[in-house]
Each structure stands twice: as structure tokens, then as C-alpha cells.
Amino acid sequence: LTAEWQAELDEMRARMRQVRDRLAAADNEVPGLDMQVLGTQNGMFSVLPLDKEQILKLREDHGIYMAGSGRINIAGLTMGNIDKFVRALAEVTG
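Residues numbered from 1 in each chain as written. Predicted model: local features only at pLDDT ≥ 70, side-chain atom pairs only at ≥ 80, totals over all residues. Heavy atoms only, no water.

### What to know about the packing of helix α1 (residues 2-25) against helix α4 (residues 82-93)
Remark: α1 packs on α4, axes separated minimally by 11 Å, with the N-to-C direction vectors making an angle of 35°. Here α1 and α4 pass one another in a crossing that is right-handed. Here α1 contributes Val-19, Arg-22 and Leu-23 to the contact with α4, which in turn contributes Ile-82, Asp-83, Phe-85 and Val-86. Considering only residue class, the contact of α1 with α4 consists of five nonpolar, no polar and two charged. (Axes fitted to C-alpha atoms, helices over the stretch in contact; angles between N-to-C directions. Helix = DSSP H or I, 4+ residues; strand = E, 2+ residues; numbered from the N terminus. Left-handed = near helix turned anticlockwise from the far one by under 90°. Contact = heavy atoms within 4.5 Å. Nonpolar A, V, L, I, M, F, W, Y, C, P; charged D, E, K, R; others polar.)

If you want it as C-alpha cells, here you go:
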């Protein structure tokens, strides 16, 4: 069971690294945000420097929810939805 648990942790860690790498690669796609820093971080959460209006616009216009502080759940992003997330960020920051 320990080996199975460790394998699952490794898989999740690799998936979150892949998401973070994609976010970092989106640096040129999102004006006004330093997306590269997300690629250097670890863990399930990060904070984007968004103001309250931008966060509200993400929620109302794109159905993207995050804490009012700009805290995002990296584990909630997948390779299937990350491009939509990046496009929405670009729209509200551009």
C-alpha cells in the first residue's frame, strides 16, 4: 500500500508540474502578469496579482472562481482546461 500511495503522489506531483510549466510558458500570452514565477513554485496553490475587478470579471464572464486574494488552486487546473484559463486571464489583464 505504501508503494501504491507513493506512486499516486508522484503522479500528482508530475501533473501539477506539467500545469505549472504550461502556466509559466503562457508568460507572453498574459499581459501585465509575471507567469514565469508560477513555474518556479511548488505546491497546490499560487497567488496571482489580480485586483478585485479582474477576479470578478473572471467569475462573471468566464465562470472561473478563485479567492478574492487571487489565490488559485493549481491542482484544479488540467491540461484540458488550462488554455481556457490562460485566455481568460489575458482578456481581463489586457
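### What to know about the packing of aromatic side chains
Within this structure, the stated rule accounts for zero aromatic pairs. Seen from the ring of Phe-45, Arg-71 lies directly overhead, with NZ or CZ sitting 3.8 Å from the centre. (Phe/Tyr/Trp six-rings, centres within 6.5 Å; stacked < 30°, edge-to-face > 60°. Lys NZ or Arg CZ within 6 Å of the ring centre and 35° of its normal.)

### Observations regarding the nonpolar core
If you look at the biggest cluster of nonpolar residues, it comprises 24 residues, and the most contacted ones within it are Leu-23, Phe-85 and Leu-89. Those elements that place two or more of their residues in this core are α1, α3 (52-62) and α4. Examining the composition of this core, we find that six residues originate from one element, α4, more than from any other. Leaving out residues up to four positions away in the same chain, Leu-23 has contacts with Met-35, Leu-38, Ile-74, Leu-77, Ile-82, Phe-85 and Val-86. (Core = buried A, V, L, I, M, F, W, Y, C linked by side-chain atoms within 4.5 Å. Buried < 20%, exposed > 50% of the residue type's maximum accessible area, 1.4 Å probe, protein only.)

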